[in-house]
Amino acid sequence: MKIGIIQQANTPDIKQNINNLKDKVREAAKQGAQLIVLQELHNSLYFCQVEDTNIFDLAETIPGPSTDEFGALAKELGVVIVLSLFERRAPGLYHNTAVVMEKDGTIAGKYRKMHIPDDPAYYEKFYFTPGDLGFKPIETSLGKLGVLVCWDQWYPEAARLMAMAGADLLIYPTAIGWESTDSQEEKDRQLGAWVISQRGHAVANGLHVVSVNRTGYEPDPSGQTNGITFWGNSFVAGPQGEILWQATNDKEEVRMVEIDIKRSEQVRRWWPFFRDRRIDYFGDITKRFID
């Protein structure tokens, strides 16, 4: 499978962001990409730095303008595209939703972000209702895509359930970065933990992982923080956690990375973690805490 990764720095101009993304999708397709993955909430700036009810006006229905526009592009180029949208499901009900556009321009499926953070500059609980579609891979002409979103990438249970449901690979559209007051040592620890966690999902499940982050600096409109410098470092890892490609932290990038999906089966034969799982003793995993 040939995967296109688009790491972009966004501006306040949504139309410009979308046009830039479409240009980059064309570039990735020209490189031979069959599956193209965009970053989290790719149409706009990362608006969750503040709590503002007017921002809900950015949300759109699915199907809607973005699925129409990118669906037409997917059909034109004959590629599968993973989108990440601010979904308006109903009045007062909104989700952070990934949508997979099939190469014929139709919607192959969607995933609503399950784990919603609420931290300084990441006030997502103000905007997003937790997902209710479960951890189900999306069937496409290229295989079963285990699409998760950003904060989901810290939870091994999410990756495991996607793998157990038959995902051929794990995909994480992401928006994560540094606050400027953090020391360089702390920044290094955060980035290292982010990469290690997802490489661990690759190893534990014998699957490739594709993680696509944004880059660039975005100020905090409220002025309460110094804004976020998104750390880029989009990467593709193999089923033994090996890094197949990794982007820079501060530059926009478009890259096609070829992976061997069949290798997952071989790795699982070498490392039979699924065979040896003690599911008869895993019941407590569904509890909040064990006293």
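Residue positions are given per chain, counted from 1 along the sequence in the order it is written. At least 70 in pLDDT is required for a residue's local features to be given in this predicted model, at least 80 for side-chain atom pairs to be given and counted, and no such filter applies to totals for whole chains, interfaces and linings, which use all residues. Side-chain measures were taken over the full set of non-hydrogen atoms in the model, leaving aside hydrogen atoms and water.

### Examining the nonpolar core
Here comes step 1: Here, the term nonpolar core denotes a set of buried Ala, Val, Leu, Ile, Met, Phe, Trp, Tyr and Cys residues that are joined through side-chain atoms within 4.5 Å. Per-residue accessibility, obtained with a 1.4 Å probe over protein chains only, is compared with the maximum for each type, and a residue is labelled buried under 20%, exposed over 50%, and partly exposed between these values. Ile-3, Leu-35, Phe-86, Tyr-127, Leu-145, Ile-171 and Val-210 are the most contacted members of the largest nonpolar core, which has 62 residues in total.
Here comes step 2: Core analysis: the second largest hydrophobic core is formed by 20 residues, Ala-29, Ala-33, Met-101 and Val-254 among them.

### Focus: the side chain of His-95
Here comes step 1: Relative to the helices and strands, His-95 resides in strand β4 (residues 93–101).
Here comes step 2: Pairs of N or O atoms within 3.5 Å make up the polar contacts considered here, provided that, within protein, one atom can donate a hydrogen while the other can accept it, and that residues adjacent in sequence are counted only when both atoms are side-chain atoms. Only 3.1 Å separates the side chain of His-95 from the side chain of Arg-89, close enough to count as a polar contact. Counting from the N terminus, the helices are the DSSP runs of H or I reaching at least four residues and the strands are the DSSP runs of E reaching at least two.

### Structural notes on the layout of surface pockets
Here comes step 1: Here the largest pocket defines a volume of roughly 610 Å³.
Here comes step 2: The distinction between a cavity and a pocket rests on a 1 Å grid over the protein atoms alone: a 1.4 Å probe fits inside a cavity but cannot get out, while a pocket stays open yet meets protein on both sides within 12 Å along at least five of seven lines, and a residue with an atom within 4 Å of a point counts as lining. As for the largest pocket, its lining consists of 15 residues, and the residues nearest its centre are Glu-157, Ala-158, Leu-161, Ile-285 and Thr-286.
Here comes step 3: Residues belonging to the lining of the largest pocket are distributed by class as follows: 8 nonpolar, 2 polar and 5 charged.
Here comes step 4: Grid points are joined across faces, edges and corners, and a volume is the space filled by probe spheres set on the points. In this model, the second largest pocket occupies a volume close to 370 Å³.
Here comes step 5: As for the second largest pocket, its lining consists of 19 residues, of which Asp-119, Tyr-122, Ile-176, Gly-177 and Gln-190 are closest to the centre.
Here comes step 6: Those elements that provide at least two residues to the lining of the second largest pocket are β11 (177–179) and β14 (228–231).
Here comes step 7: The element best represented in the lining of the second largest pocket is β11, accounting for 3 residues. Polarity classes work like this: nonpolar for Ala, Val, Leu, Ile, Met, Phe, Trp, Tyr, Cys and Pro, charged for Asp, Glu, Lys and Arg, and polar for all others, with Gly in that last group.

### Here we look at the pattern of salt bridges
Here comes step 1: Salt bridges are defined by distance alone: a side-chain nitrogen of Lys or Arg within 4 Å of a carboxyl oxygen of Asp or Glu. Across all of its chains, the model carries 19 salt bridges by this definition.
Here comes step 2: One salt bridge connects Arg-263 with Glu-242, and the closest N-O pair in it is separated by 2.7 Å. Of this pair, Arg-263 sits in helix α5 (residues 263–270) while Glu-242 sits in the loop between β15 (235–237) and β16 (243–246), and the two are 21 residues apart along the sequence.
Here comes step 3: Each of Glu-87, Arg-89, Lys-110, Arg-112 and Asp-132 takes part in one network of salt bridges that share partners.

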